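Topology and contacts: notes
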Amino acid sequence: MKLPSRVKIVDVGPRDGLQNEAQPVPVEIKIGLVHRLQDAGLKEIEVTSFVSPKWVPQMADAAAVMAGIQRKPGVRYSVLTPNMKGFEAALASRPDEIVVFGAASEAFSQRNINCSIAESIERFAPVVAAARDKGIYVRGAISCAVGCPYEGEVAPARVEMVARLMKQIGVQHMGVADTIGVGTPVKVQRAMEAALKHYDIDDVSGHFHDTYGQALGNTLATLEMGVWQYDTSSAGLGGCPYAKGATGNVATEDVVYMLQGMGIETGIDLDKLIDAGKYISDFLQRKPNSRAATAILNKRAG
Ligand code: HMG
Ligand code: MG
């Protein structure tokens, strides 16, 4: 066991969380969520995606959201850019970090970004080069790192291959994503080990959707490997429009509650985080999808 003493959390709620919402979410509400997350102590927020509005209508306002944020010193703002068109559009928004997102499964790559894995690497290469040239940090994500909605179980060797290809084109950090939340602790450890063949422990993160209720267990299992960076979503929002039935990322509130209880530093104020999750949940007219948030809100009410 090599548990880290501190963990960095990237809240992906405004992006992964909201991209899956059918009802329009106004720019001001998205900005309001980002502001509440930074006030709660989040040091990185995945704000939006510069993707095709035909593919993901909810992210069509990417530039307006980025333009409306009052940036807080010390906070990093990341955005998804699947190709040069997205990267060029993102540049005016001055992101601190961009994310190129590939997949360990061919079928998911086709459904999500309309190209094969090999073609995706070709598309990412100029994006990565242009970003690094401008001093913008490049994170990569490998979707379907344990399972695919179309192909079923995914072997760790597939993750190893995509990690190797991404490393070759200069991607600096690798996020191992369980897109549909089918992973269980040992499988997720194997997928992480595959990424660690090409990336240092300080350059990997876990991105676990919670569809089957395994994401907190998967987080603990990878913490025990020394992984100290995670993508989580406030109020457990989200899912991917091209992974039907998959629910949101593990709730930021649940992860922060667990880490606090383990004495692991996050720099996040849990009460303010609960307020952020409640704010967006109230707008969406539902309860936060977080056990910790529910418990704390019930306690407050009582
Ligand atoms: P395509 O149709 O193959 O692209 O889509 P194209 O290059 O042939 O262009 C077709 C049209 O799209 C053209 O417009 C382009 O200008 C436009 P038209 O001439 O028809 O009017 N276009 C764009 N517009 C805005 N921004 C762009 C852009 N690129 C082309 N960047 C493409 C390829 C990648 C664009 C498309 O498939 C797409 O947008 N996919 C994104 C899907 C997505 O956002 N999925 C969710 C995020 S990934 C995720 O959630 C997983 C993650 O959380 C990790 C995990 O959990 O697994 C990260
Ligand atoms: Mg995701």
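This text follows the structure it describes.
On a predicted model such as this, the values are computed, not experimentally measured, just so you know.

Thresholds applied
- Residues numbered from 1 in each chain as written.
- Chains lettered and ligands numbered in written order.
- Predicted model: local features only at pLDDT ≥ 70, side-chain atom pairs only at ≥ 80, totals over all residues.
- Heavy atoms only, no water.
- Donors = N, O, S within 2.8 Å, 3.2 Å for Na, K, Ca; no water.
- Buried < 20%, exposed > 50% of the residue type's maximum accessible area, 1.4 Å probe, protein only.
- Helix = DSSP H or I, 4+ residues; strand = E, 2+ residues; numbered from the N terminus.
- Pairing = 2+ DSSP bridges.
- Right-handed = clockwise from strand over helix to strand, strands pointing away.
- Near = heavy atom within 4 Å.
- Polar contact = N/O pair within 3.5 Å; in protein donor to acceptor, adjacent residues only side chain to side chain.
- Nonpolar A, V, L, I, M, F, W, Y, C, P; charged D, E, K, R; others polar.
- Salt bridge = Lys/Arg side-chain N within 4 Å of Asp/Glu carboxyl O.
- Core = buried A, V, L, I, M, F, W, Y, C linked by side-chain atoms within 4.5 Å.
- Contact = heavy atoms within 4.5 Å.
- Arc of directions from axis to C-beta.
- Phe/Tyr/Trp six-rings, centres within 6.5 Å; stacked < 30°, edge-to-face > 60°.
- Lys NZ or Arg CZ within 6 Å of the ring centre and 35° of its normal.

It is worth spelling out the coordination of the magnesium ion (ligand 2) at this point. Surrounding the magnesium ion (ligand 2) are the protein donor atoms D16 (OD), H207 (NE2) and H209 (NE2), which sit 2.0 to 2.3 Å from the metal. Look at where the donors of the magnesium ion (ligand 2) fall in the sequence and you get D-x190-H-x1-H. Judged by relative accessible area, which is 9%, H207 ranks as buried.

Moving on, we come to the pairing of strand β10 (residues 229–232). Burial along β10 is two-sided: Q229 and D231 and Y230 and T232, pointing in opposite directions, are all buried. Pairing analysis gives four bridges linking strand β1 (residues 8–11) to β10, with the strands arranged parallel. Across the sheet, the residue bridging to V10 is D231, located in β10. Where strand β9 (residues 204–208) meets β10, two bridges bridge the pair, whose relative direction is parallel. The residue of β10 that forms the bridge with G206 is Y230. In this fold, the crossover linking β9 to β10 by way of helix α9 (residues 215–223) has right-handed handedness.

Around ligand 1, the structure places 26 residues, and the nearest of them are R15, Q19, N114, S143 and T179. A distance of 2.9 Å separates an oxygen atom of ligand 1 from a polar atom in the backbone of S52. Of all the secondary structure elements, the ones that give two or more residues to the shell around ligand 1 are α1 (13–19), α4 (84–91) and α5 (106–113). Per element, the largest residue contribution to the shell around ligand 1 is three residues, and it comes from α1. For the shell around ligand 1, a count of residues per class yields 11 nonpolar, 10 polar and five charged.

Before going further, it helps to spend a moment on the pattern of salt bridges. Counting across every chain of the model gives 15 salt bridges. Its salt-bridge partner being E44, residue R76 comes within 3.7 Å of it at the nearest N-O pair. Of this pair, R76 sits in strand β3 (residues 76–80) while E44 sits in strand β2 (residues 44–49); the two residues are 32 residues apart in sequence, bridging distant segments of the chain. One salt bridge in this structure joins R139 and E44, with 3.2 Å as the shortest N-O distance. Of this pair, R139 sits in strand β5 (residues 137–143) while E44 sits in strand β2, and the two are 95 residues apart along the sequence. Across the pair, exposure class does not vary: R139 and E44 are buried alike. Counted as one network, the salt bridges with shared partners bring together K8, R15, D16, E44, E46, R76, E97, R139 and D231.

A few words now on the nonpolar core. Side chains that are nonpolar tend, in soluble globular proteins, to be buried together. M166 and I280 are the most contacted members of the largest nonpolar core, which has 97 residues in total. In this structure M166 touches V100, G102, I121, F124, G140, A141, V171, M174 and Y199, once residues within four positions along its chain are discounted.

A few words on α5. Listing the buried residues of α5 in full gives F108, S109, N112 and I113. One side of α5 carries all its buried residues, which in axial view fall inside an arc of 105°. Tucked into the core, α5 has its buried residues touching β4 (97–103), α6 (117–133), β5 and β6 (147–148). One or two residues past the end of α5 sits N114, with phi positive at roughly 60°.

This part takes up the packing of aromatic side chains. What the rule picks out here adds up to two aromatic pairs. Looking at R111, its charged tip hangs above the ring of Y150, at a distance of 4.0 Å from the centre.

What is shown is where atoms sit, not what they do.
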